[in-house]
Amino acid sequence: MKFWRPALLLLFACLLAESCSKKESLPNPPPPPPPPPVVTIQPPPPFGFYVVGYFPNYRNLNEVPDVKFKMCNVVNYAFFGVNSSGLLTVNNPSLVPQVINKAKANGAKVFVSINDGADGNFKNMASTANGRNGFVKDVMAKVRQYGFDGVDIDWEFPRTDDGTHLTYTALMKELSDSLHRDAKYYLTAAVTAGKYAGAIRDAIQTEVFAYADWFNIMAYDDFNSTVPYRHHSDYNLAVTSLNYWLNTRSMPKEKSVLAFPAYGRASGITQTGTTMAYRSILAQGGNSQSDSAVVSQGTFTNYTIYYNGQPTVKNKTILAKQRANGVMMWEKWHDATDGNSLLKAACDTIGRVY
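All values reported here derive from a predicted model rather than from experimental measurement. (Residues numbered from 1 in each chain as written. Predicted model: local features only at pLDDT ≥ 70, side-chain atom pairs only at ≥ 80, totals over all residues. Heavy atoms only, no water.)

Observations regarding the overall build of the chain
- For the chain, the helix and strand inventory stands at 10 helices and 13 strands.
- Here the C-alpha radius of gyration of the chain, 30 Å, is well above what a compact globule of 354 residues would show, namely 20 Å.
- Seen through its principal axes, the chain has C-alpha atoms that stretch 135 × 45 × 40 Å.
- For the chain, the residues scored as buried account for 49% of the 354 residues in total.
- For the chain, long-range pairs separated by at least 24 residues make up 75% of all intrachain contacts whose partners lie at least 6 apart in sequence.
- Total accessible area on the chain is roughly 16,600 Å²; 55% of this is exposed by carbon and sulfur atoms. (Helix = DSSP H or I, 4+ residues; strand = E, 2+ residues; numbered from the N terminus. Rg over C-alpha atoms; globule rule 2.2 N^0.38 Å. Buried < 20%, exposed > 50% of the residue type's maximum accessible area, 1.4 Å probe, protein only. Contact = heavy atoms within 4.5 Å. Areas by Shrake-Rupley, 256 points an atom, 1.4 Å probe, with all protein chains shown as cover.)

Structure (C-alpha coordinates):
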(Lines give C-alpha, C1' and ligand atoms only; values in the text may rest on other atoms or scores of the structure.)
Protein backbone atom coordinates (compact mmCIF):
# COMPACT_ATOMS: atom_id res chain seq x y z
CA MET A 1 0.00 0.00 0.00
CA LYS A 2 2.81 2.39 0.81
CA PHE A 3 4.31 1.66 -2.62
CA TRP A 4 1.10 2.69 -4.51
CA ARG A 5 0.41 5.86 -2.57
CA PRO A 6 3.23 7.93 -4.15
CA ALA A 7 2.35 6.57 -7.57
CA LEU A 8 -1.28 7.64 -7.24
CA LEU A 9 -0.27 11.09 -6.06
CA LEU A 10 2.07 11.41 -9.05
CA LEU A 11 -0.66 10.30 -11.47
CA PHE A 12 -3.12 12.79 -9.97
CA ALA A 13 -0.57 15.60 -10.29
CA CYS A 14 0.04 14.75 -13.94
CA LEU A 15 -3.66 14.70 -14.75
CA LEU A 16 -4.14 18.04 -13.00
CA ALA A 17 -1.27 19.62 -14.92
CA GLU A 18 -2.61 18.34 -18.25
CA SER A 19 -6.07 19.70 -17.45
CA CYS A 20 -4.66 23.13 -16.62
CA SER A 21 -2.61 23.08 -19.80
CA LYS A 22 -5.69 22.36 -21.93
CA LYS A 23 -7.66 25.14 -20.24
CA GLU A 24 -4.85 27.60 -20.84
CA SER A 25 -4.63 26.66 -24.55
CA LEU A 26 -8.32 27.24 -25.26
CA PRO A 27 -8.84 30.25 -27.64
CA ASN A 28 -10.66 33.30 -26.38
CA PRO A 29 -14.37 33.22 -27.14
CA PRO A 30 -15.42 35.45 -30.09
CA PRO A 31 -16.92 38.83 -29.20
CA PRO A 32 -20.70 39.04 -29.34
CA PRO A 33 -22.11 40.24 -32.66
CA PRO A 34 -22.86 43.97 -32.86
CA PRO A 35 -26.49 44.93 -32.43
CA PRO A 36 -28.39 45.49 -35.68
CA PRO A 37 -28.40 49.11 -36.84
CA VAL A 38 -31.37 51.13 -35.72
CA VAL A 39 -33.26 52.38 -38.77
CA THR A 40 -35.07 55.64 -38.14
CA ILE A 41 -37.67 56.81 -40.64
CA GLN A 42 -38.49 60.44 -40.04
CA PRO A 43 -38.49 63.61 -42.14
CA PRO A 44 -35.50 65.94 -42.14
CA PRO A 45 -35.97 69.15 -40.13
CA PRO A 46 -38.08 71.93 -41.67
CA PHE A 47 -36.24 75.15 -42.49
CA GLY A 48 -38.72 77.99 -42.22
CA PHE A 49 -40.98 79.62 -44.81
CA TYR A 50 -40.33 77.91 -48.12
CA VAL A 51 -39.61 79.90 -51.27
CA VAL A 52 -39.56 77.37 -54.09
CA GLY A 53 -38.58 78.06 -57.69
CA TYR A 54 -38.52 75.60 -60.57
CA PHE A 55 -35.71 75.60 -63.13
CA PRO A 56 -36.63 73.68 -66.32
CA ASN A 57 -34.02 71.51 -67.98
CA TYR A 58 -34.43 73.31 -71.32
CA ARG A 59 -33.51 76.80 -70.06
CA ASN A 60 -30.21 78.62 -70.41
CA LEU A 61 -28.69 78.87 -66.95
CA ASN A 62 -26.74 82.01 -67.87
CA GLU A 63 -30.01 83.87 -68.48
CA VAL A 64 -31.05 83.52 -64.83
CA PRO A 65 -28.80 85.57 -62.53
CA ASP A 66 -27.41 84.27 -59.26
CA VAL A 67 -29.66 86.52 -57.20
CA LYS A 68 -32.72 84.63 -58.47
CA PHE A 69 -31.25 81.49 -56.91
CA LYS A 70 -30.43 83.31 -53.69
CA MET A 71 -34.06 84.45 -53.43
CA CYS A 72 -35.14 80.81 -53.10
CA ASN A 73 -34.32 78.37 -50.36
CA VAL A 74 -35.42 75.49 -52.64
CA VAL A 75 -34.73 75.06 -56.36
CA ASN A 76 -36.52 72.24 -58.17
CA TYR A 77 -34.72 70.90 -61.24
CA ALA A 78 -37.50 70.15 -63.71
CA PHE A 79 -37.62 67.47 -64.84
CA PHE A 80 -36.39 63.93 -64.69
CA GLY A 81 -39.06 61.85 -66.43
CA VAL A 82 -40.45 58.38 -65.84
CA ASN A 83 -39.66 56.30 -68.91
CA SER A 84 -41.44 53.30 -70.43
CA SER A 85 -39.31 50.93 -68.33
CA GLY A 86 -40.50 52.58 -65.13
CA LEU A 87 -37.11 54.14 -64.41
CA LEU A 88 -35.82 57.71 -64.68
CA THR A 89 -34.70 59.56 -67.77
CA VAL A 90 -32.24 62.32 -66.89
CA ASN A 91 -33.09 65.30 -69.08
CA ASN A 92 -30.10 67.42 -70.07
CA PRO A 93 -27.66 65.61 -67.75
CA SER A 94 -24.82 68.07 -68.30
CA LEU A 95 -27.01 70.88 -66.93
CA VAL A 96 -27.87 69.08 -63.69
CA PRO A 97 -24.57 69.66 -61.83
CA GLN A 98 -24.45 73.26 -63.07
CA VAL A 99 -27.87 74.03 -61.60
CA ILE A 100 -27.02 72.22 -58.37
CA ASN A 101 -23.73 74.09 -57.98
CA LYS A 102 -25.31 77.47 -58.72
CA ALA A 103 -28.18 76.88 -56.30
CA LYS A 104 -26.03 75.57 -53.46
CA ALA A 105 -23.49 78.37 -53.92
CA ASN A 106 -26.39 80.73 -53.23
CA GLY A 107 -27.63 78.88 -50.16
CA ALA A 108 -30.52 76.92 -51.70
CA LYS A 109 -31.36 73.25 -51.41
CA VAL A 110 -31.95 71.44 -54.71
CA PHE A 111 -34.66 68.86 -55.36
CA VAL A 112 -35.19 66.79 -58.48
CA SER A 113 -38.72 67.15 -59.79
CA ILE A 114 -40.08 64.06 -61.53
CA ASN A 115 -42.86 64.11 -64.11
CA ASP A 116 -44.62 61.56 -66.28
CA GLY A 117 -42.08 61.65 -69.10
CA ALA A 118 -44.83 60.43 -71.41
CA ASP A 119 -48.51 59.96 -70.76
CA GLY A 120 -49.16 56.85 -68.69
CA ASN A 121 -45.62 56.14 -67.50
CA PHE A 122 -46.32 57.00 -63.86
CA LYS A 123 -49.50 54.95 -63.99
CA ASN A 124 -47.84 51.89 -65.51
CA MET A 125 -44.83 51.99 -63.21
CA ALA A 126 -46.86 52.42 -60.02
CA SER A 127 -49.37 49.69 -60.87
CA THR A 128 -47.24 46.88 -59.42
CA ALA A 129 -45.14 46.45 -56.29
CA ASN A 130 -42.15 45.45 -58.43
CA GLY A 131 -42.55 48.53 -60.58
CA ARG A 132 -42.64 50.83 -57.58
CA ASN A 133 -39.69 49.07 -55.96
CA GLY A 134 -37.53 49.42 -59.06
CA PHE A 135 -38.50 53.06 -59.45
CA VAL A 136 -37.74 53.94 -55.82
CA LYS A 137 -34.33 52.27 -56.07
CA ASP A 138 -33.52 54.26 -59.20
CA VAL A 139 -34.70 57.49 -57.58
CA MET A 140 -32.44 56.89 -54.59
CA ALA A 141 -29.50 56.10 -56.86
CA LYS A 142 -29.97 59.31 -58.85
CA VAL A 143 -30.40 61.42 -55.72
CA ARG A 144 -27.11 60.12 -54.35
CA GLN A 145 -25.32 60.32 -57.72
CA TYR A 146 -26.09 63.99 -58.31
CA GLY A 147 -26.26 65.20 -54.71
CA PHE A 148 -29.89 66.31 -54.58
CA ASP A 149 -31.41 67.26 -51.23
CA GLY A 150 -34.85 65.86 -52.01
CA VAL A 151 -37.44 64.74 -54.53
CA ASP A 152 -40.53 66.49 -55.87
CA ILE A 153 -43.24 64.30 -57.44
CA ASP A 154 -45.18 66.02 -60.22
CA TRP A 155 -47.61 63.28 -61.30
CA GLU A 156 -50.33 65.11 -63.25
CA PHE A 157 -52.59 63.48 -62.28
CA PRO A 158 -53.59 60.34 -60.38
CA ARG A 159 -57.34 59.73 -60.48
CA THR A 160 -60.01 58.00 -58.44
CA ASP A 161 -61.74 56.51 -61.48
CA ASP A 162 -58.83 54.35 -62.64
CA GLY A 163 -57.35 53.24 -59.32
CA THR A 164 -54.23 55.38 -59.57
CA HIS A 165 -55.20 57.19 -56.39
CA LEU A 166 -54.32 53.96 -54.58
CA THR A 167 -51.06 53.33 -56.42
CA TYR A 168 -50.07 56.98 -55.99
CA THR A 169 -50.58 56.63 -52.25
CA ALA A 170 -48.50 53.44 -52.19
CA LEU A 171 -45.74 55.09 -54.22
CA MET A 172 -45.61 58.12 -51.95
CA LYS A 173 -45.33 55.90 -48.88
CA GLU A 174 -42.50 53.88 -50.38
CA LEU A 175 -40.65 57.01 -51.47
CA SER A 176 -41.16 58.49 -48.01
CA ASP A 177 -39.81 55.38 -46.30
CA SER A 178 -36.65 55.47 -48.41
CA LEU A 179 -36.02 59.22 -48.58
CA HIS A 180 -36.78 59.76 -44.90
CA ARG A 181 -34.48 56.99 -43.68
CA ASP A 182 -32.30 58.59 -41.02
CA ALA A 183 -33.95 61.93 -41.88
CA LYS A 184 -31.71 62.25 -44.94
CA TYR A 185 -33.79 63.56 -47.88
CA TYR A 186 -36.98 65.59 -48.40
CA LEU A 187 -40.11 64.57 -50.32
CA THR A 188 -42.60 67.03 -51.79
CA ALA A 189 -45.42 66.84 -54.34
CA ALA A 190 -47.34 69.14 -56.64
CA VAL A 191 -51.13 69.01 -56.27
CA THR A 192 -54.04 70.59 -58.11
CA ALA A 193 -55.60 73.87 -56.99
CA GLY A 194 -58.52 71.92 -55.50
CA LYS A 195 -61.23 74.14 -56.93
CA TYR A 196 -63.10 71.45 -58.84
CA ALA A 197 -64.45 68.27 -57.26
CA GLY A 198 -63.87 65.08 -59.17
CA ALA A 199 -61.54 62.24 -59.97
CA ILE A 200 -58.38 64.37 -60.02
CA ARG A 201 -58.85 66.50 -56.93
CA ASP A 202 -60.14 63.62 -54.84
CA ALA A 203 -57.24 61.33 -55.76
CA ILE A 204 -55.01 62.87 -53.10
CA GLN A 205 -55.89 60.82 -50.05
CA THR A 206 -55.49 62.29 -46.59
CA GLU A 207 -53.04 59.49 -45.77
CA VAL A 208 -50.54 61.08 -48.17
CA PHE A 209 -50.26 64.20 -46.01
CA ALA A 210 -48.11 62.21 -43.58
CA TYR A 211 -45.70 61.03 -46.27
CA ALA A 212 -44.58 64.31 -47.84
CA ASP A 213 -42.75 67.22 -46.24
CA TRP A 214 -44.91 69.72 -48.10
CA PHE A 215 -47.21 70.15 -51.10
CA ASN A 216 -46.90 72.76 -53.84
CA ILE A 217 -50.51 73.84 -54.46
CA MET A 218 -50.77 74.82 -58.12
CA ALA A 219 -53.26 77.68 -57.85
CA TYR A 220 -53.08 78.59 -61.53
CA ASP A 221 -54.20 77.44 -65.02
CA ASP A 222 -57.89 77.97 -64.22
CA PHE A 223 -58.42 79.14 -67.80
CA ASN A 224 -61.30 78.91 -70.26
CA SER A 225 -60.82 78.91 -74.02
CA THR A 226 -64.40 79.96 -74.75
CA VAL A 227 -65.19 82.43 -71.96
CA PRO A 228 -63.43 85.83 -72.22
CA TYR A 229 -62.16 88.11 -69.45
CA ARG A 230 -61.29 85.28 -67.09
CA HIS A 231 -58.07 85.32 -65.08
CA HIS A 232 -56.36 81.94 -64.73
CA SER A 233 -54.70 82.72 -61.38
CA ASP A 234 -56.33 85.56 -59.49
CA TYR A 235 -56.22 86.15 -55.74
CA ASN A 236 -59.61 84.50 -55.25
CA LEU A 237 -58.27 81.22 -56.64
CA ALA A 238 -55.48 81.30 -54.06
CA VAL A 239 -58.03 81.76 -51.28
CA THR A 240 -60.23 78.98 -52.70
CA SER A 241 -57.24 76.63 -52.89
CA LEU A 242 -56.15 77.19 -49.31
CA ASN A 243 -59.73 76.94 -48.08
CA TYR A 244 -60.07 73.54 -49.70
CA TRP A 245 -56.75 71.99 -48.78
CA LEU A 246 -56.42 73.42 -45.27
CA ASN A 247 -60.03 73.71 -44.10
CA THR A 248 -61.89 71.00 -45.99
CA ARG A 249 -59.07 68.45 -46.23
CA SER A 250 -57.07 69.38 -43.10
CA MET A 251 -53.73 69.54 -44.86
CA PRO A 252 -51.28 70.74 -42.18
CA LYS A 253 -50.47 74.43 -42.48
CA GLU A 254 -46.74 73.72 -42.23
CA LYS A 255 -46.99 71.45 -45.28
CA SER A 256 -48.90 73.89 -47.50
CA VAL A 257 -47.04 75.94 -50.13
CA LEU A 258 -49.04 78.32 -52.34
CA ALA A 259 -47.91 78.54 -55.96
CA PHE A 260 -48.14 81.51 -58.31
CA PRO A 261 -47.32 81.68 -62.04
CA ALA A 262 -44.66 83.78 -63.73
CA TYR A 263 -46.55 83.60 -67.03
CA GLY A 264 -49.84 84.73 -68.47
CA ARG A 265 -52.73 83.10 -70.29
CA ALA A 266 -55.33 84.41 -72.68
CA SER A 267 -59.04 83.86 -72.10
CA GLY A 268 -61.74 83.03 -74.62
CA ILE A 269 -59.25 81.84 -77.26
CA THR A 270 -56.94 78.88 -77.73
CA GLN A 271 -54.11 78.38 -75.26
CA THR A 272 -51.81 77.05 -77.96
CA GLY A 273 -49.38 79.76 -78.97
CA THR A 274 -50.93 82.40 -76.73
CA THR A 275 -49.35 81.83 -73.31
CA MET A 276 -46.46 84.15 -72.53
CA ALA A 277 -43.69 84.50 -69.97
CA TYR A 278 -44.00 87.41 -67.54
CA ARG A 279 -40.70 88.85 -68.81
CA SER A 280 -42.05 88.76 -72.37
CA ILE A 281 -45.29 90.47 -71.33
CA LEU A 282 -43.28 93.31 -69.81
CA ALA A 283 -41.17 93.51 -72.97
CA GLN A 284 -44.39 94.17 -74.93
CA GLY A 285 -45.42 97.02 -72.68
CA GLY A 286 -47.11 95.12 -69.86
CA ASN A 287 -46.99 96.73 -66.43
CA SER A 288 -45.55 94.98 -63.37
CA GLN A 289 -48.24 96.69 -61.28
CA SER A 290 -51.10 95.28 -63.36
CA ASP A 291 -52.58 91.82 -63.95
CA SER A 292 -53.46 92.12 -67.64
CA ALA A 293 -52.01 93.50 -70.86
CA VAL A 294 -52.67 93.57 -74.59
CA VAL A 295 -50.00 91.60 -76.46
CA SER A 296 -49.29 89.91 -79.77
CA GLN A 297 -47.58 86.61 -80.45
CA GLY A 298 -47.24 84.67 -83.68
CA THR A 299 -50.46 84.89 -85.64
CA PHE A 300 -52.39 86.21 -82.61
CA THR A 301 -52.49 89.98 -82.40
CA ASN A 302 -53.78 92.45 -79.84
CA TYR A 303 -55.28 89.94 -77.42
CA THR A 304 -55.57 90.35 -73.65
CA ILE A 305 -53.34 88.22 -71.51
CA TYR A 306 -53.84 87.70 -67.77
CA TYR A 307 -50.92 87.32 -65.37
CA ASN A 308 -49.81 88.08 -61.82
CA GLY A 309 -48.15 91.44 -61.33
CA GLN A 310 -46.15 92.39 -58.27
CA PRO A 311 -49.12 93.61 -56.17
CA THR A 312 -50.96 90.31 -56.62
CA VAL A 313 -47.84 88.30 -55.81
CA LYS A 314 -47.34 90.37 -52.67
CA ASN A 315 -50.93 89.79 -51.60
CA LYS A 316 -50.63 86.06 -52.27
CA THR A 317 -47.40 85.95 -50.28
CA ILE A 318 -49.08 87.68 -47.35
CA LEU A 319 -51.89 85.14 -47.59
CA ALA A 320 -49.38 82.29 -47.63
CA LYS A 321 -47.53 83.76 -44.67
CA GLN A 322 -50.76 83.98 -42.69
CA ARG A 323 -52.28 80.64 -43.63
CA ALA A 324 -49.60 78.39 -45.15
CA ASN A 325 -45.84 77.90 -45.00
CA GLY A 326 -44.39 78.97 -48.31
CA VAL A 327 -44.75 80.14 -51.88
CA MET A 328 -43.72 78.49 -55.14
CA MET A 329 -43.15 80.01 -58.58
CA TRP A 330 -43.25 78.35 -61.99
CA GLU A 331 -40.68 79.15 -63.30
CA LYS A 332 -37.42 81.02 -62.84
CA TRP A 333 -36.66 81.91 -66.45
CA HIS A 334 -40.17 83.35 -66.94
CA ASP A 335 -39.57 85.97 -64.27
CA ALA A 336 -38.11 89.44 -64.87
CA THR A 337 -34.46 89.86 -63.93
CA ASP A 338 -34.73 93.45 -62.70
CA GLY A 339 -36.74 95.30 -60.07
CA ASN A 340 -39.98 94.07 -61.67
CA SER A 341 -39.26 90.50 -60.57
CA LEU A 342 -42.16 88.56 -59.04
CA LEU A 343 -39.79 86.51 -56.94
CA LYS A 344 -38.32 89.75 -55.62
CA ALA A 345 -41.83 90.93 -54.71
CA ALA A 346 -42.43 87.75 -52.74
CA CYS A 347 -39.09 87.95 -50.91
CA ASP A 348 -39.53 91.63 -50.08
CA THR A 349 -42.95 90.89 -48.62
CA ILE A 350 -41.61 88.38 -46.11
CA GLY A 351 -38.31 90.20 -45.51
CA ARG A 352 -36.16 87.49 -47.05
CA VAL A 353 -32.61 88.75 -47.56
CA TYR A 354 -31.00 88.08 -50.94
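The discussion continues.
Some thoughts on the environment of Tyr186
- Looking at the secondary structure, you find Tyr186 in strand β6 (residues 186-192).
- Overall, Tyr186 belongs to the buried group, its relative accessible area being 6%.
- Counting along the chain gives 75 residues from Tyr186 to Phe111, while the straight-line C-alpha distance between them is 8.0 Å.
- Other than its neighbours up to four places away in sequence, Tyr186 contacts Pro44, Pro45, Phe47, Lys109, Phe111, Asp149, Gly150, Val151, Leu179, Asp213 and Trp214.
- A polar atom in the side chain of Tyr186 sits 2.6 Å from the backbone oxygen of Pro45. (Polar contact = N/O pair within 3.5 Å; in protein donor to acceptor, adjacent residues only side chain to side chain.)

A look at the nonpolar core
- Counting residues in each nonpolar core, the largest one holds 87 residues, and the members touching the most others are Ile114, Phe135 and Ile153.
- With 6 residues, the single largest contributor to this core is helix α7 (residues 235-248).
- Excluding its chain neighbours within four sequence positions, the residues that come into contact with Ile153 are Ile114, Phe122, Tyr168, Met172, Leu175, Leu187, Thr188, Ala189 and Ala190.
- Counting residues in hydrophobic clusters, the runner-up holds 17 residues, among them Tyr50, Val52, Tyr54 and Ala78. (Core = buried A, V, L, I, M, F, W, Y, C linked by side-chain atoms within 4.5 Å.)

A few points about the pairing of strand β2 (residues 74-82)
- Of all the 9 residues making up β2, 9 are buried; the element is thus mostly covered by neighbouring parts of the structure.
- The pairing of strand β1 (residues 50-56) with β2 spans 5 bridges and is parallel. Residue pairing across strands places Tyr54 opposite Asn76, the latter belonging to β2.
- Bridging between β2 and strand β4 (residues 109-115) involves 7 bridges; their strand directions are parallel. Paired with Asn76 across the strands is Phe111, a residue of β4.
- Sheet topology places β2 next to strand β3 (residues 88-90); 3 bridges connect them, and they run antiparallel. Counterpart to Gly81 in the pairing with β3 is Thr89.
- The antiparallel hairpin formed by β2 and β3 contains 5 residues in its connecting segment, where Gly86 sits at a positive phi of about 80°. (Pairing = 2+ DSSP bridges.)

Thoughts on the pattern of salt bridges
- Here the structure, examined in full by the defined rule, presents 14 salt bridges.
- Of the charged contacts in the structure, one is a salt bridge between Asp162 and Lys123, with a shortest N-O distance of 3.8 Å. Of the two residues, Asp162 is situated in the loop between β5 (150-153) and α6 (164-179) and Lys123 in helix α4 (residues 121-126); the sequence distance between them amounts to 39 residues.
- The salt bridge partner of Asp161 is Arg159, with a shortest N-O separation of 2.8 Å.
- Connected via shared salt-bridge partners are Lys195, Asp222 and Arg230. (Salt bridge = Lys/Arg side-chain N within 4 Å of Asp/Glu carboxyl O.)

Comments concerning the confidence of the model for the chain
- For the chain, the mean per-residue pLDDT works out to 93, and 92% of the residues sit at or above 70.
- This stretch, residues 20-24, has a pLDDT under 50; its non-local contacts, to residues over four places away or in other chains, come to 0 contacts. (pLDDT = per-residue confidence, 0-100.)

Quick word on α7
- Along its 14 residues, α7 runs 19 Å from first to last C-alpha, staying within 8% of the 20 Å computed at 1.5 Å per residue.
- If you check which residues of α7 are buried, you get Leu237, Ala238, Ser241, Leu242, Tyr244, Trp245 and Leu246. Projected down its long axis, α7 carries its buried residues within an arc of 165°, all on one side. Within α7, the exposed residues directed more than 90 degrees away from the buried face are Asn236, Asn247 and Thr248. (Expected span 1.5 Å × (residues − 1). Arc of directions from axis to C-beta.)

Structural notes on the pairing of strand β12 (residues 300-306)
- As paired elements, strand β9 (residues 263-266) and β12 share 2 bridges and run antiparallel to each other. Residue pairing across strands places Ala266 opposite Ile305, the latter belonging to β12.
- What sits between strand β11 (residues 292-297) and β12 in their antiparallel hairpin is a turn of 2 residues, with Gly298 showing a positive phi close to 60°.

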